[in-house]
Amino acid sequence: MLMNLFAEIDISKLFGLAIRTSIGVQAATFALAAVGLNLHYGYTGLLNFGVVAFMAAGAYGMAIFFTQGWLGGSIILAIASGLTFAVIIALSIGLPSLRLRADYLALTTIAIAEVLRISFRSQRLLDLTGGPFGLPSIEDRNASVSFADVITIDWNPIGKGSYGTWFLEFDEKTLWIMIIGWSLVSLASLLIWGLMRSPWGRVIKAIREDEDAARALGKNVFSYKLQSLIIGGVIASFAGIVRAFDMGFVETQQFRPQTTFFIWTVLILGGAASIWGPIIGSMTFWFIIIFSEELLRQMVDSGWIPEAILESSDIASVRMVLMGIMLAVLMIWRPQGLVGKKEEAQIDVR
Amino acid sequence: MGTRLRLISGFLILVMGLLVSFPVFANAQNDNELTIRGTVRVGKEIIPDARVTVSNAQNIEIGSELSGEDGKWEIPIPGLGEYTVTLVGPLPEGVVIRDGASDRVTVIVDEYKSKAVGFQLVGEDKKPILEIQSTWERLLNRMVSGLKVGLLVALASIGLSLIFGVTGLVNFAHSEMVAFGAVIALLLESTIGLTGALFPIAVILAVMAGGGLGYGLERGIFGPLRRKKMTNISLMVVSIGLAFLMRYLILIYHGAEPETFESFRIQSGVSLGPIELPTKDYFIIAIALTTLVTVGLLLQRTKLGTSMRAVSDNPALAESSGIDVNKTIMWVWILGSALASLGGTMIGLTQVVEWQMGEKILLLMFAAVTLGGLGTAFGAMVGGLAIGFASETSTFWLDNDLKFLIALAVMIVILLVRPQGILGVRERLG
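Here the structure is a predicted model, which means the values were calculated and not measured. (Residues numbered from 1 in each chain as written. Chains lettered and ligands numbered in written order. Predicted model: local features only at pLDDT ≥ 70, side-chain atom pairs only at ≥ 80, totals over all residues.)

1. Focus on the overall build of chain B
And step 1. On a plain count of helices and strands, chain B comes out with twelve helices and 13 strands.
And step 2. Residue burial in chain B is summarised as follows: out of 430 residues, 45% are buried.
And step 3. Counting only contacts in chain B whose residues sit at least 6 apart along the sequence, the fraction spanning at least 24 positions is 74%. (Helix = DSSP H or I, 4+ residues; strand = E, 2+ residues; numbered from the N terminus. Buried ≥ 20, exposed ≤ 12 C-beta atoms within 10 Å, placed from the backbone. Contact = placed C-beta atoms within 7 Å.)

Shown next as structure tokens:
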């Protein structure tokens, strides 16, 4: 029986696809967003459930600036405007709500992220954000015109063609975005590593451990929290921008609350409050997701799992079920994740 | 004690009675077609023999009819969606489309009930007279519909608030209990055939299943974890994981298509003074109202209710006063998720049953309980009513897609200004 199953499964494809995704652009953007969240939650202890708001701010800030052609529509200025938008969002989340208790902060951030998404989606902003259709407009998309072209075609140093072998074969566009994505992940991780060794980082960690003690030592807790929110938010907004370049368009569907929880799962899987946590978390997360999806698909296709239990059209939903299980199980049995330290992963309402 | 119990059982019987009589009356005017309808007229003047056509979002004509002797027309449509209704005419001498108005009206049919469409015509004196209903009548109807939504949100959020009160857990999986109730009722209706007059049995079974789910979650997951001294923040993250697990299991086994309860597809409205609602809505309002009063009495007048409020106020003190805290928490879970199931079934009745319904109502419920005060059952009732009412009534002035913004904005403002909510007590906060 068991031999039979192994004969049916294409092991090469199984590992090929899983590895492909775990080093791909998606894994890079999730890692990048998780680096940002790690500063918020892992180091500062801020329960930010609105990570996706920063990603949306970055992506939309960039896309709106570019498609409107403001200031000549330079892509560099567009990216800068995306980052500025993320800073504005960080300030408008942080200034009023950072004094709140942890669980109230969680509710506030998730609500603000939804407000932002629904506003972008609104018919009233159709000319600016493209409403439910996103940016660029449907006509431009049909003509394959996108803000991503500057990055992926004009500024692409890699010659046309496909590189690599086996399942790890990428065309020049994907490869270039992958390089950009993972470079940003490395830079952001280096930044966090440096910050955490600085006096600033020690204050941040002290706030996580005992806010009142930090305050008693004369530190302006509120200001440090706000700085952490801004730095992490800008890192997360880069994730949104890279993702927009990869997909070639932005749409509100990409910024539903579930994306936030994907990133939370990535961070907790890898290990909060550790430099390698987000990177290892994202790669492992995508490996597990794609591996199990592909395994299920092959088992359903070969008749090992009867249609009554799972239909092949439902397999895409399995990733969400897996995400849910991972999040719950990790939180219960291994809150420090794969590489985190247990004593740094204890969280509580202050 | 005797009178109290009698009072509460009286209310319970009332709920049951309403539930049972519900399909008998509500089913009476079931016409089995989804239609767009209207009357072609100028003021009180009826215009017969004017052609009206309906086309779908792809601009394909799907129906056409001449207005009758009474000016009325009714065109069946295949399903929910966006339709364009065009008044082709001919119109009598001197009657024209009002300046600025169009002979085309785009409508979105998002409920299984026939949709009324009017054209703005003016007579020779160019005085605009159309209004099938006057503005205040439409506003009044919006408000009644807002009341209905508010009652259902209140019903569904009591559990969320009570569970927070007694355990400190912000339960993100609560919304999936709402969806669970609706899906179970739908499943019972379609598979076992609890349709028509048997439908209340399906509702009761769904509510019991909801209570069972609450018991299972507390017994199997949250109770043991709480005793393991896991922090509430970690438990909140666990509940998020659980919410996704449940939501997507519902998607896998229930399917992505929104469905409606077969027994109550489309109903024409019944007028009660200026208010025109489908019959089922009157029943939904009555059932929700009586249930809320029953729960209120239960909390105020019974020993169990008193201990629920005591544990919510101060668990340590409650324990030392001889209250079995764990047993109380268990009952809160059972009651809360049973109410969530009931709310979900009723929401499914007024709208559709779909796997995303939990996700859609989650933030509305959070807004409701934060507005009313996290941890208090009465706060959830007041907050639910206010949030549901405000967001539904806002569609009178605002675009439909902005109604969530109202709820979210209220929630953000409340959290920032008065995080304990309108009925909460300040000292409980850090």
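Following the structure, the description resumes.
2. Comments concerning the nonpolar core
Soluble, globular proteins show a tendency: their nonpolar side chains are buried together.
And step 1. Leu32, Val242 and Leu327 of chain A together with Ala367 and Met411 of chain B are the most contacted members of the largest nonpolar core, which totals 216 residues.
And step 2. The contact partners of valine 242 of chain A, leaving out residues within four places of it in the chain, are Val25, Ala28, Thr29, Leu32, Ile177, Ile180, Gly181 and Leu184 of chain A.
And step 3. Listed in part, the 13 residues of the second largest apolar core include Ala50, Ile75, Tyr83 and Val85 of chain B. (Core = buried A, V, L, I, M, F, W, Y, C linked by C-beta atoms within 7 Å.)

3. Brief notes about the domain arrangement of chain B
And step 1. Looking at the assigned domains, one finds that chain B contains domain 1 (36–111) and domain 2 (138–428).
And step 2. The gap between the C-alpha centroids of domain 1 of chain B and domain 2 of chain B is 39 Å. (Domains from an automatic or database assignment.)

4. Focus on the pairing of strand β6 (residues 72–76) of chain B
All names here are of chain B.
And step 1. Burial of β6 is one-sided: the residues Trp73 and Ile75 facing one way are buried, the residues Lys72, Glu74 and Pro76 facing the other way are not.
And step 2. The pairing of strand β1 (residues 35–39) with β6 spans five bridges and is antiparallel. When the sheet's bridge partners are listed, isoleucine 36 is paired in β6 with isoleucine 75. (Pairing = 2+ DSSP bridges.)

5. Things to note about the sheet that holds strand β5 (residues 61–66) of chain B
Residues and elements named next belong to chain B.
And step 1. Strand order in the open sheet made by the four strands is β5-β4-β7-β9, with antiparallel pairing throughout. Edge strands, defined here as strands with exactly one partner in the open sheet, are β5 and β9 (104–109). Strand-to-strand twist of the sheet, defined as the mean angle between neighbouring strand axes without regard to direction, takes the value 20°.
And step 2. As paired strands, strand β7 (residues 81–89) and β9 are joined by six bridges and run antiparallel to one another. (Axes fitted to C-alpha atoms, helices over the stretch in contact; angles between N-to-C directions.)

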